[in-house]
Amino acid sequence: MAQSLAGSLLVASLSLVDPNFFRTVVLLCMHDEDGAMGLVLNRPVQQAPVVEHLPHFAEFAAEPPVIFQGGPVEPTAAIVLGRLAPHAQPPNRIVGQVALLDLSRTIDDLRPDLRTVRVFAGYAGWGAGQLEREIAEEAWFVVPALETDAFDPNPETLWRRVLLRQPGRLALFAWAPADPRVN
């Protein structure tokens, strides 16, 4: 492994047809020689409002204020990303002031630094070398993340918009039909 890709986005290429990852945008939270862990940013679960499942985070929930399907691994596990105040020094920083929140801390302990949250059920995980192989097979485009990507109010169009902001030919993939055979 040359360097950690943590803090980057993985954007599913057109060759990735696995329904768990078709046209997904994944924020890579951890990546080292033992594997990787990320959260799918564009799979809201409309029938799962944050207020019904983790009510203490409801006042901080970004639009749409629902739980997101973070990936196929441990789908009953709650994972929370938070955007913190500029002065905060989060131990689990991913990009900018975005960090994985320690759910063992109380909301009152987090409140002074917390600005926005996104709640996920489950995560995407890769074993040692697996993500590197998938990238080499061109299943994923690796692109820089923006702090705002994790809290985007329009997750349904995030895949296209992330591609459109990329330089060169990569942006052209944003206009590909869902099924290239019908083109």
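Data block above holds the structure.
Residues numbered from 1 in each chain as written. Predicted model: local features only at pLDDT ≥ 70, side-chain atom pairs only at ≥ 80, totals over all residues. Heavy atoms only, no water.

1. Quick look at unusual backbone geometry
- Going from Glu63 to Pro64, the amide bond is cis rather than trans, its omega being -10 degrees.
- For Pro64, the position within the fold is in the loop between helix 1 (50-53) and strand 5 (66-69).
- One non-glycine residue, Arg23, lies in positive phi territory at about 55 degrees.
- One can find Arg23 in the loop between strand 1 (8-12) and strand 2 (25-32).
- With a phi angle near 65 degrees, Glu138 is a residue other than glycine that sits in the positive phi range.
- Residue placement: Glu138 occurs in the loop between helix 3 (130-136) and strand 10 (140-144).
- On the basis of relative accessible area, Glu138 is assigned to the exposed category, the value being 58%. (Helix = DSSP H or I, 4+ residues; strand = E, 2+ residues; numbered from the N terminus. Buried < 20%, exposed > 50% of the residue type's maximum accessible area, 1.4 Å probe, protein only.)

2. Details of the side chain of Gln97
- Here Gln97 is to be found in the loop between strand 7 (93-95) and strand 8 (98-100).
- For Gln97, a relative accessible area of 12% translates into the label buried.
- Once residues within four sequence positions are removed from consideration, Gln97 is found in contact with Gly82, Arg83, Leu84, Ala85, Pro86, Ala88, Pro90 and Glu147. (Contact = heavy atoms within 4.5 Å.)

3. Observations concerning the packing of aromatic side chains
- If you walk through the whole model with that rule in mind, you get five aromatic pairs.
- Ring geometry for Trp126 against Trp140: centres 6.1 Å apart, planes inclined by 80 degrees, an arrangement best described as edge-to-face. You can see Trp126 sitting in strand 9 (residues 114-127) and its partner Trp140 sitting in strand 10, a full 14 residues away along the chain. The exposure classification of Trp126 matches that of Trp140, with both residues buried. (Phe/Tyr/Trp six-rings, centres within 6.5 Å; stacked < 30°, edge-to-face > 60°.)

4. Some details on the nonpolar core
- Leu9, Leu27, Leu39, Leu81, Trp126 and Trp140 are the most contacted members of the largest nonpolar core, which totals 44 residues.
- Top element by residues in this core is strand 2. It accounts for five residues.
- Setting aside chain neighbours within four positions, we find Trp126 in contact with Leu10, Val26, Leu28, Asp34, Gly35, Ala36, Met37, Gly38, Leu131, Glu134 and Trp140.
- Core analysis: the second largest hydrophobic core is formed by 17 residues, Val50, Ile67, Ala88 and Ile107 among them. (Core = buried A, V, L, I, M, F, W, Y, C linked by side-chain atoms within 4.5 Å.)

5. As for the pattern of salt bridges
- On inspection of all chains with the given rule, the structure shows six salt bridges.
- A salt bridge links Asp149 to Arg165; the shortest N-O distance between them is 2.7 Å. You can see Asp149 sitting in the loop between strand 10 and helix 4 (158-164) and its partner Arg165 sitting in the segment after helix 4, a full 16 residues away along the chain.
- The class of Asp149 is buried, set by a relative accessible area of 4%.
- Connected via shared salt-bridge partners are Glu59, Asp108 and Arg111. (Salt bridge = Lys/Arg side-chain N within 4 Å of Asp/Glu carboxyl O.)

By themselves, these figures tell us nothing about what the structure is for.
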